Amino acid sequence: MELDLLGERRRTHRCGELRKAHAGRKVFLAGWVARRRDLGNLIFLDLRDHTGVVQVVLNAEVSPEAHAKAEQVRNEFVVGVEGEVVLRSPETVNPQLTTGEVEVKGQTLLLLNEAKTPPFPIEDETRTVEETRLRYRYLDLRRSRMQQNIRLRDRANQVVRQHMAGHHFVEVETPFMTRSTPEGARDYLVPSRVRQGHFYALPQSPQLFKQLLMIAGFDRYFQIVRCFRDEDLRADRQPEFTQIDVEMAFPQREELFEIIERLMEKLLAIVDVKVERPFPRLSYTTAMEKYGSDKPDLRFGLEWRRVELPANSLDKLKGFQAVKALRVPNAKLSRSQLDRYQQGLLEAGASNSAYFTVTESGIQSRLKNAVGEEALQQLAAAAAAQVGDLVILVGADSTSRDKLQSLDQASTWLRLELGRKLELIKPGVWSFAWVVDFPMFEYDPKEKRFAAMHHPFTSPREEDLPKLESDPASVKALAYDLVLNGQEIGGGSIRMHRRDIQQRVFKVLGLSDEKARERFGFFMDALEYGAPPHGGIALGVDRIVALLAGESSIREVIAFPKTASAVDLMCDAPASVDREQLEELGLKIVKH
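From a predicted model like this one, the values you see are computed outputs, not experimental measurements.

Draft legend 1. Just the nonpolar core, in detail. Counting 42 residues, the largest nonpolar core has Met264, Leu267, Phe432, Trp434, Leu482 and Leu539 as the members making the most contacts within it. Here this core gets 8 residues from one element, more than from any other, and that element is helix H6 (residues 253–269). Dropping the residues within four chain positions of it, Phe432 is found in contact with Met264, Leu268, Val275, Phe279, Pro280, Leu298, Leu482, Val483, Leu484 and Ile489.

Draft legend 2. Molecular detail of the pattern of salt bridges. All told, the structure shown has 46 salt bridges when counted by the stated rule. Measuring nitrogen to oxygen at the nearest pair gives 2.8 Å for the salt bridge that ties Arg495 to Glu247. With Arg495 in the loop between strand E21 (487–494) and helix H12 (499–508) and Glu247 in strand E10 (residues 240–249), this residue pair connects regions lying 248 residues apart in the sequence. Accessibility classification places Arg495 together with Glu247 in one group, the buried group. Glu261 is the partner of Arg281 in a salt bridge, and the nearest nitrogen-oxygen pair spans 2.9 Å. One end of the pair, Arg281, is in strand E11 (residues 281–283); the other, Glu261, is in helix H6, with 20 residues separating them in the sequence. Classification of Arg281 as partly exposed rests on a relative accessible area of 29%. Glu261 sits in the buried class, given a relative accessible area of 2%. Through salt bridges with shared partners, a single ionic network connects Arg133, Arg137, Asp140, Arg143 and Glu556.

Draft legend 3. Examining the sheet that holds E21 more closely. Read from one edge to the other, the open sheet built from 8 strands follows the order E6-E9-E10-E22-E21-E20-E17-E11, with strand pairing classed as mixed. Every other strand in the sheet has two partners, leaving strand E6 (170–171) and E11 as the edge strands with one partner each. Relative to the sheet, helix H5 (residues 207–215) contacts strand E9 (220–228), E10 and strand E22 (534–540), its axis offset from that of E10 by approximately 25 degrees.

Draft legend 4. Highlighting helix H4 (residues 144–166). Spanning 23 residues, H4 covers 33 Å between terminal C-alpha atoms, matching the ideal 33 Å at 1.5 Å per step. Of the surrounding secondary structure, the elements contacted by the buried residues of H4 are helix H2 (130–135), helix H3 (137–140), E9, E10, H6 and helix H14 (541–549). One or two steps after H4, the chain reaches His168, where phi turns positive at roughly 70 degrees.

How each quantity is defined
- Residues numbered from 1 in each chain as written.
- Predicted model: local features only at pLDDT ≥ 70, side-chain atom pairs only at ≥ 80, totals over all residues.
- Heavy atoms only, no water.
- Core = buried A, V, L, I, M, F, W, Y, C linked by side-chain atoms within 4.5 Å.
- Buried < 20%, exposed > 50% of the residue type's maximum accessible area, 1.4 Å probe, protein only.
- Helix = DSSP H or I, 4+ residues; strand = E, 2+ residues; numbered from the N terminus.
- Contact = heavy atoms within 4.5 Å.
- Salt bridge = Lys/Arg side-chain N within 4 Å of Asp/Glu carboxyl O.
- Pairing = 2+ DSSP bridges.
- Axes fitted to C-alpha atoms, helices over the stretch in contact; angles between N-to-C directions.
- Expected span 1.5 Å × (residues − 1).

Here you go:
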């Protein structure tokens, strides 16, 4: 097949731009052939670019050379078309297309490139398995839905930059290659050729650098930045991800909240959603008690309450040393459905579960023999249940930390399951919340030491400083998370700007002065040169854009994502390297 050259021709319009007003104009279009229909003397091409599709008609009697070339065309060929925009006859108007009232009467056709038959159709909706889509991502991205998602992401980034500039934030790029500071997830390491045996690390976040920028006097910093975490396999995580990184000097928490809330307002306006401000504030303790989660979905009610079973019934009913109750108003659930939920609760981590209904004639429950009518009435009152309501009890067989965490996980699972089953989550509802007053530390029984719940640079509340060493479990942090529709989309805190407090926190975390000096010496030194009070937040771009696009997976809004096992199917990465490269780096592969 002989191909043509584009030469000096320039597109006059994009495919999806043509309307009735363009009728009579000469145009030159270029794009991909989405569909070809051959009716003999007439060949119809649906020509596609990122703006949409327009129909091109090639008539053998009017343009025999162009028609002859069109006979060679197949789907996904790249072509250029020169012709006249004409109105379609009323009976041939295509209301499914924005260009459906017009077509282009082709006079010249350029065959710019041919294409193999794609492994899946380039259509909005596809049943193609994700592995195939990721392997041929450059084809998947041609689909209108993917084009819209990536362009939505671009619009969101532009809104972020305009908003932050309007609040006097300076965009500063921080290093991608830095030293490893192993706290939290594992680092991706980069070996140094010139200093063999030494390694850079790809940043899990620009945390220390943005704090150093505050010490440097930049006052307000932001960055749309790539971050890297070598995490264990998780369904909807990526080894590299993007965040909106923000830091302020001399911050008041509410001032930062207002800036971020106004940013969220502008981002949701992209998809015509109006946001109500200010966002609700929930303490970590309240969120866990009512919803079993520190990222509660507030689009619907169903709040858990702590209750107690009578002491004399605990021997008969195992697994209820700690109990939470959920009132489900006017629930119409069958016994088989409730039995399935009970099984699901056990699989989600609960030790036991039970339920009862409140009727005009009393409590209906299998628990009566073990608990008694009066105790059930007390439980119903504690759950604020009314006639017609269902009350579900979920229990743990001890009050240990692990068991209570499992109880919270199970209660979260059930609440979300009921929200979906009872259709309590209404379409088009967006519910933000700030979760505040997190515990500063959480005890790691395996390591037998405390770990930072957020990160080791988060400041404790001033009133909790005296308890830092004596009772670290009770210390609250000046940390906060931003939650949207049950997903954490951002997390931040007020930082420690004093070296003495930072050293105290390191010691609580089990870091000796020597170890702290080895890992964070440069930062500790910087704190001695007039570090101002400062704080900030990091917002997850991938999650935010996925929510805006209505996608359930962040892979749908990332141009070139990796699989859940951190593999790039398109590039076949990670891959082995030549022995010479390893020798140059002073490395040797040892297989375990």
